[in-house]
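A look at the structure
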Amino acid sequence: MSPLYSVFTSLSAWMIPAIIVFIPLYAALRRKVPVYETFVEGAKDGFGTAINIIPHLVGMMVAISMFRSSGALELMLSAVRPLFDWAGIPSEVLPLGILRPLTGAGSLAFTTDLIQTFGPDSMIGRIASTIQGSTDTTLYVLTVYFGAVGIRKSRYALKVGLFSDLVGFFAAILICLYIFG
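Residues numbered from 1 in each chain as written. Predicted model: local features only at pLDDT ≥ 70, side-chain atom pairs only at ≥ 80, totals over all residues. Heavy atoms only, no water.

1. Details of the UniProt feature "transmembrane region" (unreviewed entry) in the chain
Defined as follows: UniProt positions are given in the numbering used here, feature names are shortened, and annotations may be inferred rather than shown by experiment. In this text, helices come from DSSP runs of H or I with a minimum length of four residues, and strands from runs of E with a minimum of two, each type numbered from the N-terminal end.
Here, the residues flagged by UniProt with the feature "transmembrane region" (unreviewed entry) are residues 7-27, 47-67 and 160-180. Helix and strand shares over residues 7-27 are 100% and 0% respectively, and the end C-alpha atoms of the span are 29 Å apart. For the annotated span residues 47-67, helix accounts for 100% and strand for 0% of the residues, and the straight-line distance between the end C-alpha atoms is 30 Å.

Quick look at the structure:
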């Protein structure tokens, strides 16, 4: 290991605790913000937000469960799998491209399963990890955050979010195949 690597490793280990200590201290000493009272007020507001988004979360979870249980996910995968095999792309990562915009927990569980099955240093493990970092849970974000603030017309945000997930999915695959292939 290079000395630079050990410096960055040590620095990264201390960065989050330093930030957690620095921000309240800076707010209290420099900005004269009542840190504890502000925190308690924010926590109080957080409960109201949590109650407001529960119906949206339940609806999204039911829809995802129905999508997977109905066999629609497997039907979509079987239709696209031959194209992936022809292009030399591991078709094992295809469900991740479909699950990631829907559910963060489901896609993380699927990624964990891929890594346990194929290994973290396998091409499939690397692609799955890169997809996790290159895409977002678009439908979750739209459901929770737009639902929390009362935005009803989200069609443009949905189109842009899903398009960016698609670009992130294929970019992750191509970059991994280029770098590690």
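Alright, that's what it looks like, and here's the rest.
2. Re the packing of helix 2 (residues 35-69) against helix 7 (residues 138-149)
Going by this rule: The axes are straight lines fitted to the C-alpha atoms, using for helices just the contacting stretch, and the angles between their N-to-C directions are given from 0 to 180°. By definition, any crossing whose near helix is turned counterclockwise from its far helix by less than a right angle is left-handed, and any crossing with a clockwise turn is right-handed. In what follows, residue pairs with any heavy atoms lying within 4.5 Å of each other are defined as contacts. Gly is put with the polar residues, along with every residue not named as nonpolar or charged; the nonpolar set is Ala, Val, Leu, Ile, Met, Phe, Trp, Tyr, Cys and Pro, and the charged set is Asp, Glu, Lys and Arg.
For the pair helix 2 and helix 7, the least separation of the axes is 8 Å and the interaxial angle reads 145°. Regarding helix 2 and helix 7, the two cross each other, and that crossing is right-handed. Mapping the contact onto sequence places Thr49, Ile53, His56, Leu57 and Met60 in helix 2 and Leu139, Tyr140, Thr143, Val144, Gly147 and Ala148 in helix 7. Partitioned by chemical class, the residues of the contact of helix 2 with helix 7 number seven nonpolar, four polar and no charged.

3. Some words on the pattern of salt bridges
To keep it simple, the criterion reads: What counts as a salt bridge is simple: a side-chain nitrogen of Lys or Arg found within 4 Å of a carboxyl oxygen of Asp or Glu. Residue exposure (1.4 Å probe, protein chains only): buried if accessible area is under 20% of the type maximum, exposed if over 50%, otherwise partly exposed.
For the coordinates displayed, the defined rule picks out two salt bridges. Across the salt bridge formed by glutamate 41 and lysine 44, the nearest N and O atoms sit 3.7 Å from each other. Here the residue glutamate 41 and the residue lysine 44 both occupy positions in helix 2, the gap between them amounting to three residues, near one helical turn. Given the relative accessible area of 40%, glutamate 41 is considered partly exposed. Between glutamate 74 and arginine 81 there is a salt bridge, and its shortest N-O distance comes to 3.6 Å. Residue class for glutamate 74 comes out partly exposed when judged on its relative accessible area of 45%. Overall, the relative accessible area of 26% leaves arginine 81 in the partly exposed class.

4. Observations concerning the environment of threonine 9
In this structure, threonine 9 sits in helix 1 (residues 3-29). Once the C-alpha coordinates of threonine 9 and valine 167 are considered, the two residues, 158 residues apart in sequence, prove to be 31 Å apart.

5. Overview of the environment of valine 144
Position of valine 144 relative to the elements: it lies in helix 7. Sequence separation of valine 144 and leucine 57 is 87 residues, and the distance between their C-alpha atoms is 6.6 Å. Those residues in contact with valine 144, other than ones at most four positions away along the chain, are Ile53 and Leu57.

6. Side note on the confidence of the model for the chain
Parts of the prediction with low pLDDT should not have their coordinates interpreted in detail. Here is the rule: Every residue gets a pLDDT, meaning the predictor's confidence in that residue, from 0 to 100.
Taken over all residues, the pLDDT of the chain has a mean of 89, while the share at 70 or more is 99%. Summarising per-element confidence for the chain, the mean pLDDT is lowest in helix 2 (84) and highest in helix 6 (residues 123-134) (96).

7. Section: helix 1
Here is the rule we go by: Multiplying one less than the number of residues by 1.5 Å gives the expected span of a helix. Consider a residue and the seven residues that end there alongside the seven that start there; fitting an axis to each set, the bend is the angle between those axes.
The terminal C-alpha atoms of helix 1 lie 36 Å apart, and with 27 residues this matches the ideal 39 Å at 1.5 Å per residue to within 8%. Taken as a whole, helix 1 carries its principal kink of about 35° at methionine 15; the proline proline 17 stands between one and four residues after it.

8. A closer look at the UniProt feature "domain: Nucleoside transporter/FeoB GTPase Gate" (unreviewed entry) in the chain
Under the feature "domain: Nucleoside transporter/FeoB GTPase Gate" (unreviewed entry), the UniProt entry names residues 51-151. Helix makes up 79% of residues 51-151 and strand makes up 0%, while its end C-alpha atoms are separated by 17 Å.

9. Things to note about the nonpolar core
Selection criterion: What makes a nonpolar core is a set of buried Ala, Val, Leu, Ile, Met, Phe, Trp, Tyr and Cys residues whose side-chain atoms join them at distances within 4.5 Å.
Ranked by internal contacts, the top residues of the largest apolar core, which has 19 residues, are Phe84, Val93, Leu114, Ile127, Ile131, Phe169 and Ile173. Contributing elements (two or more residues each) for this core: helix 3 (72-87), helix 4 (94-99), helix 5 (104-118), helix 6 and helix 8 (155-180). Residues within four places of leucine 114 in sequence aside, it is in contact with Glu92, Val93, Gly119, Ile124 and Ala128.

10. With respect to the layout of surface pockets
Note the following rule: Lining residues are those with an atom within 4 Å of a point, where the points come from a 1 Å grid over the protein atoms alone and group into cavities, where a 1.4 Å probe fits but cannot get out, or pockets, open sets with protein on both sides within 12 Å along at least five of seven lines. Grid points are joined across faces, edges and corners, and a volume is the space filled by probe spheres set on the points.
Roughly 340 Å³ of internal volume is contained in the largest pocket. Together, 19 residues line the largest pocket, and Met76, Leu94, Gly97, Ile98 and Leu166 are the ones closest to its centre. When residues of the lining of the largest pocket are traced back to their parent elements, those giving at least two are helix 3, helix 4 and helix 8. Take the lining of the largest pocket: its biggest share by element is five residues, from helix 8. In terms of residue class, the lining of the largest pocket is made up of 15 nonpolar, two polar and two charged.

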